[in-house]
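Given next are the chains, with one letter for each unit.
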Amino acid sequence: KISSCDDQGTVYIGEDNVFRIVPTKHIDSVIKILNKLNNEIEGIVKTKICEDENINLKLKKNDELILQHQKISPISYPHEWCALMLKDAALFQLDLSINLYKEGLYLKDAHPWNILFEKGSPVFVDFTSVVNDQALLDEDFLDSNASMNISTNDQISRCIQEIYQRMFKPYFFNPLLSYV
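Definitions and limits used
Residues numbered from 1 in each chain as written. Predicted model: local features only at pLDDT ≥ 70, side-chain atom pairs only at ≥ 80, totals over all residues. Heavy atoms only, no water. 1 Å grid on protein atoms, 1.4 Å probe; cavity = no way out; pocket = protein on both sides within 12 Å on 5 of 7 lines; lining within 4 Å. Points joined across faces, edges and corners; volume = space filled by probe spheres on them. Nonpolar A, V, L, I, M, F, W, Y, C, P; charged D, E, K, R; others polar. Helix = DSSP H or I, 4+ residues; strand = E, 2+ residues; numbered from the N terminus. Buried < 20%, exposed > 50% of the residue type's maximum accessible area, 1.4 Å probe, protein only. Salt bridge = Lys/Arg side-chain N within 4 Å of Asp/Glu carboxyl O.

K.L.:
What is the right way to read the layout of surface pockets from this model?
P.N.:
If a probe the size of a water molecule is rolled over the atoms, the empty space left behind becomes visible. Considering only enclosed or pocket space, the second largest pocket measures out at about 250 Å³ in volume. Taken together, 11 residues line the second largest pocket, and the ones lying closest to its centre are Q8, H26, A135, D138 and E139. Residue composition of the lining of the second largest pocket, grouped by class: one nonpolar, five polar and five charged.

The following block contains the structure:
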């Protein structure tokens, strides 16, 4: 088991795959995103609904959903990356955000711990960090969601700006500046 601060899923590492248990209250939104992405946005970890009864019996409780992700190995962490890897991950995260936006989806966080490298290419591995507009506006940790009486588009813009100010800038942009 990997500990997590995300209430949309608990992650377990298997021998050949990674499994994410999605609580009942998030199943509908996760399935909608899974269907919308359909593994077609490049760079997001390959994900499907787990159909292995042995795994389901061991991990599942009640009506939970188990996602099965491709296992990326070896695992490397941002503090181990060279400057070029951090730059590649930062540019990848920006491109991914743009591609998701075209599908009406967003990243609810923008830090490097959601990215691993497979054969030198970045892969986004935190599937439940991809959300639709309503889920983004429901995120309690975003101060922007306390704003009242503004349009949905303005609210989303504020959320995205806050995410990038609080996460992308300190964990990607500022470290890259130190290499200059």
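There's more to say after this.
K.L.:
Explain the environment of H26 here, please?
P.N.:
Among the secondary structure elements, H26 is positioned in the loop between β2 (17–22) and α1 (27–37). Exposure remark for H26: the relative accessible area of 12% places this residue in the buried category.

K.L.:
I tried to follow the pattern of salt bridges on my own but got confused; where do I start?
P.N.:
It is possible for side chains of opposite charge to pair when their charged atoms get near one another. What the rule picks out here adds up to three salt bridges. The salt bridge partner of K108 is E139, with a shortest N-O separation of 3.5 Å. Placement of the pair is K108 in the loop between β5 (105–107) and β6 (115–118) and E139 in the loop between α4 (133–137) and α5 (152–178), with a sequence separation of 31 residues. With relative accessibility at 15%, the residue E139 sits in the buried group. Notably, a salt bridge pairs R166 with E162, separated by 2.5 Å at the nearest N-O pair. In this pair, R166 and E162 both sit in helix α5, four residues apart, roughly one turn of the helix. E162 gets classed as buried once you look at its relative accessible area, which sits at 10%.

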